[in-house]
Structure formats: structure tokens, C-alpha cells
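Structural characterization, general
Residue-level listing of the chains:
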Amino acid sequence: MVEQVRNMRKTRQGKVVSDKMDKTIVVAVEDRVRHPLYNRTIRKTTKFKAHDEENSCRIGDTVRIMETRPLSKDKRWRVIDILERAEQL
């Protein structure tokens, strides 16, 4: 009998770029990849919509998000914790 491993979900760390929606934030995750032809390191940015239940995240915060079941058309991630708060002006 093969035992299934549950809760092996992907986690990402990124910066909040939008908090305009209710209970939803947009997180930009930056990845460094090497160009296949020119061997130069490129910064590739991917945006994820994540569920923020308490509306506690603000633009500029660094957060950790975890993959979850589909919550809406685009939202498949949720906020685990806020790693670093953005400076308030």
C-alpha cells in the first residue's frame, strides 16, 4: 500500500505590489534564470493573487504565500505570514 503525502504544497516569497482588492493581494515573485543562449542571468517576475483574510498586508510588504485550492478564477494562493513590513512614509 502506498502512503500519500499530504500538505506538500509549494511556497513562495515575494513583495506585495497591490492591495486594492478586498481580502486579496497581488504578490510579485522574482526568480533569477540563466538565458539559454547568452548565459546571462535574467530577473523573471511572476505575479500571483493571494488570499489575505484580515486585509493586513500593505504595498511593499514581503510575504510568504502557500498554494491552496482554487478560491476564485485567478486566486490559488494564500498568505502564510508577513516577513517584513514596508516603511511608512
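The model shown is predicted, which means the values in this text are computed figures rather than measured ones. (Residues numbered from 1 in each chain as written. Predicted model: local features only at pLDDT ≥ 70, side-chain atom pairs only at ≥ 80, totals over all residues. Heavy atoms only, no water.)

Considering the pairing of strand β2 (residues 24-34)
As paired elements, strand β1 (residues 11-18) and β2 share three bridges and run antiparallel to each other. What sits directly across from S18, in β2, is V26. Taking the residues between adjacent antiparallel strands as the criterion, β1 and β2 are bridged by five residues, where K23 takes a positive phi near 60 degrees. With eleven bridges connecting them, β2 and strand β3 (residues 41-51) associate as antiparallel partners. Directly across from V29, in β3, lies its bridge partner T46. Taking the residues between adjacent antiparallel strands as the criterion, β2 and β3 are bridged by six residues, where N39 takes a positive phi near 55 degrees. (Pairing = 2+ DSSP bridges. Helix = DSSP H or I, 4+ residues; strand = E, 2+ residues; numbered from the N terminus.)

Looking at the side chain of D52
Mapping D52 onto the fold places it in the loop between β3 and β4 (62-67). For the buried residue D52, which engages in no salt bridge, the nearest side chain bearing the opposite charge is R58, 6.1 Å off. Non-local contacts of D52, meaning those with residues more than four positions away in its chain, are made with K23, T24, I25, C57 and V79. (Buried < 20%, exposed > 50% of the residue type's maximum accessible area, 1.4 Å probe, protein only. Lys, Arg positive; Asp, Glu negative; His and termini not counted. Salt bridge = Lys/Arg side-chain N within 4 Å of Asp/Glu carboxyl O. Contact = heavy atoms within 4.5 Å.)

Some thoughts on the environment of T24
Structurally, T24 is set in strand β2. Spatially, the C-alpha atom of T24 lies 15 Å from that of G60, the residues being 36 residues apart in sequence. Ignoring anything within four residues of it in the chain, the contact list for T24 reads D19, K49, A50, D52, N55 and K75.

With respect to the pairing of strand β5 (residues 75-84)
As defined by bridge partners, β3 adjoins β5 across three bridges and the pair is classed as parallel. When the sheet's bridge partners are listed, K49 is paired in β5 with K75. Where β4 and β5 come together, six bridges link them in antiparallel fashion. Bridged to I65 within β5 is V79.

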